[in-house]
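# A closer look at the structure
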Amino acid sequence: MDRRRVAVLFGGRSSEHSISCATAGGVLRAIDRDRYDVIPVGITREGAFVLEADDPERFALDPAHLPEVVDNGTRVHWPESTASRELTVTDASGTRSLGDVDVVFPILHGRFGEDGTVQSLIELAGLPYVGNGVLASAIAMDKHVAKTVLEGAGIPVAPWVTVTRRALDANRDLWERRIRALGLPVFVKPARAGSSVGVTKVSDWSGLDDALEVAFAEDRSVLVEGAMEGREIECGVLEGRGGAATRVSVAGEIVVTGREFYDFEAKYLDAPGIDLVCPADLGDGELDELHRVALRAFEAIGGEGLARVDVFLTGEGYVVNEVNTMPGFTPISMFPTCWQHTGLTYGELITELVETGAERGPR
């Protein structure tokens, strides 16, 4: 079998830069080197594309030192036209070829990467890539748009209010009345951010202003969501290869034991107060219904490749919280854990994603 050349793209301009680097470290460590040649392309916080060292240890997630892409002076260049798949790099010695790329693996979280922007760039270059396309990425990244689309497809979502800073400044009393109508507690979130960055749980209205400021620091549009009473359940979705049906993994459950919610530190720095249970204790009927809801949500946004679907299991059934089009991929992340319990190792999961992207070809 011919070896494929995979450009692993990570870092980026969003506040989730370090998480992207940590995810890339996991992928670089586990990708099948007998099948794939890897070109690690880092994006600095300023947006420069640089050739990174193929060294997973550089991107280990440590609470004392979050990994990042540092500008090393190199510049990676995309193909000059769709007639070529060649990446080149310029460094102190001049410009040289990195070879023809078979597929790009964009492991980017948050804005300027998970939101359709990088997907657009790759499509303009005429290269195949892993994961969701421009539209699905953009829909899922914007929590307000995603909820609107899911609700339009008949999929239950948590009640919410979306507000911009301009609208809030123009008529604060109106927006506060709308927000307070949700009841306490509420979660205040940037509309376009992930990994719980900028998220605050508000249990007393006196904390609302500070929570809004934290969220507005990440995005000009902010979502205020009514808290849901129920179990927090997540599952992975994988598009089938070669015409095979889309698959859904076993479920995982987030059990909050000593924190306000599943925040950044718990997700990525293994902070205490959260138990991740996989597989979740669900009856056959509950699991079947979860699979049905997850597939409907994936289809509603036009999903391709992969997603993690987060839901609440309430007394009235499942309520979708989010569809994440590039879920966390670190060793303690729920998405790979769910697939490992479904029968796919971390390395096999990466192979599945790369091969699906390569099979699809340029979009």
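Residues numbered from 1 in each chain as written. Predicted model: local features only at pLDDT ≥ 70, side-chain atom pairs only at ≥ 80, totals over all residues. Heavy atoms only, no water.

## Overview of the overall build of the protein chain
- Scanning the protein chain from N- to C-terminus turns up 11 helices and 16 strands.
- Expected size for 363 residues packed as a compact globule is a radius of gyration near 21 Å; at 20 Å, the protein chain falls within 12% of this value.
- Structurally, the protein chain occupies a C-alpha span of about 60 × 50 × 40 Å along its principal axes.
- In the protein chain, which comprises 363 residues, the proportion classed as buried is 55%. (Helix = DSSP H or I, 4+ residues; strand = E, 2+ residues; numbered from the N terminus. Rg over C-alpha atoms; globule rule 2.2 N^0.38 Å. Buried < 20%, exposed > 50% of the residue type's maximum accessible area, 1.4 Å probe, protein only.)

## What to know about the pairing of strand E6 (residues 94-100)
- Judged from the six bridges that link them, strand E5 (residues 86-91) and E6 form a sheet pairing that is antiparallel. When the sheet's bridge partners are listed, threonine 90 is paired in E6 with threonine 95.
- In textbook terms, the turn of a hairpin is the stretch between consecutive antiparallel strands, and for E5 and E6 this stretch comprises two residues. (Pairing = 2+ DSSP bridges.)

## Quick notes on the packing of aromatic side chains
- On inspection of all chains with the given rule, the structure shows four aromatic pairs.
- Judged by centre distance (5.0 Å) and plane angle (75°), the ring pair of phenylalanine 10 and phenylalanine 59 falls under edge-to-face. Taken together, the positions of phenylalanine 10 in strand E1 (residues 4-11) and phenylalanine 59 in the loop between strand E3 (49-51) and strand E4 (75-77) put the pair 49 residues apart, joining distant regions of the chain. You'll find phenylalanine 10 and phenylalanine 59 in the same group, each marked buried.
- Relative to phenylalanine 335, the ring of phenylalanine 329 has its centre 5.7 Å away and its plane inclined at 40°; by these criteria the two rings are tilted.
- Residue classification places phenylalanine 335 among the buried positions, given a relative accessible area of 0%. (Phe/Tyr/Trp six-rings, centres within 6.5 Å; stacked < 30°, edge-to-face > 60°.)

## Describing the sheet that holds E5
- The antiparallel open sheet is built from three strands, whose spatial order is E4-E5-E6. Looking at which strands have only one partner, the edges of the open sheet turn out to be E4 and E6. Taken pair by pair, the neighbouring strands of this sheet meet at an average axis angle of 25°, ignoring direction. (Axes fitted to C-alpha atoms, helices over the stretch in contact; angles between N-to-C directions.)

## Concerning the UniProt feature "binding site: Mg(2+) 2" (unreviewed entry) in the protein chain
- The sites that carry the UniProt feature "binding site: Mg(2+) 2" (unreviewed entry) are, in the present numbering, Glu322 and Asn324. Of the residues named above, Glu322 line the largest cavity.
- Relative to the elements of secondary structure, glutamate 322 occurs in strand E16 (residues 317-324).
- Judged by its relative accessible area of 18%, glutamate 322 is buried.
- Once residues within four sequence positions are removed from consideration, glutamate 322 is found in contact with Lys143, Arg308, Val309 and Asp310.
- Along the chain, asparagine 324 turns up in strand E16.
- Excluding residues that lie within four positions of it along the chain, asparagine 324 makes contacts with Glu114, Ala307 and Arg308. (UniProt positions renumbered as here; feature names shortened; annotations may be inferred. 1 Å grid on protein atoms, 1.4 Å probe; cavity = no way out; pocket = protein on both sides within 12 Å on 5 of 7 lines; lining within 4 Å. Contact = heavy atoms within 4.5 Å.)

## Observations concerning the nonpolar core
- Grouped together as the largest cluster of nonpolar side chains are 31 residues, with contacts concentrated most on Val8, Phe105, Leu238, Phe329, Leu349, Leu353 and Val354.
- Breaking this core down by element, the ones donating at least two residues are E1, helix H1 (17-30), strand E2 (36-43), strand E7 (103-107), helix H10 (334-342) and helix H11 (346-360).
- Per-element tally for this core: the top contributor is H11, with six residues.
- Not counting the four nearest positions on each side in its chain, valine 354 is found in contact with Val6, Tyr36, Val103, Phe105 and Val130.
- Counting residues in each nonpolar core, the second largest holds 29 residues, with Ala140, Ile233, Val309 and Val320 among its members. (Core = buried A, V, L, I, M, F, W, Y, C linked by side-chain atoms within 4.5 Å.)

## Quick look at helix H7 (residues 208-216)
- Every buried residue of H7 is listed here: Leu208, Ala211, Leu212, Ala215 and Phe216. All buried residues of H7 lie within an arc of 130° about the axis, which places them on one face of the element.
- Buried-residue contacts for H7 involve strand E8 (160-164), helix H5 (165-170), helix H6 (172-180), strand E9 (186-190), strand E10 (200-202) and strand E11 (221-226). (Arc of directions from axis to C-beta.)

## Points about empty space enclosed by the protein
- Overall, the coordinates contain three cavities of 30 Å³ or more when judged by the stated rule.
- Quantified by volume, the largest cavity comes out at close to 90 Å³.
- Ala140, Lys143, Ala146, Lys147, Leu150, Lys189, Leu223, Glu225, Asn321, Glu322 and Val323 are the residues that line the largest cavity.
- Counting only elements with at least two residues in the lining of the largest cavity, the list comes to helix H4 (143-152), E11 and E16. (Points joined across faces, edges and corners; volume = space filled by probe spheres on them.)

## Brief notes about H11
- With 15 residues, H11 extends 22 Å between its outermost C-alpha atoms, agreeing within 8% with the 21 Å of an ideal straight helix rising 1.5 Å per residue.
- Most of H11 sits out of view: 11 of its 15 residues are buried.
- Taken as a whole, H11 has its buried residues at Tyr346, Leu349, Ile350, Thr351, Glu352, Leu353, Val354, Glu355, Thr356, Gly357 and Ala358.
- Just past H11, the residue glycine 361 takes up positive phi, approximately 75°. (Expected span 1.5 Å × (residues − 1).)

## Observations regarding the pattern of salt bridges
- This model, assessed by the stated rule, comprises 26 salt bridges.
- Between arginine 75 and aspartate 71 there is a salt bridge, with the nearest N and O atoms lying 3.0 Å from each other.
- On the basis of relative accessible area, aspartate 71 is assigned to the partly exposed category, the value being 40%.
- Its salt-bridge partner being arginine 247, residue glutamate 352 comes within 2.6 Å of it at the nearest N-O pair. (Salt bridge = Lys/Arg side-chain N within 4 Å of Asp/Glu carboxyl O.)

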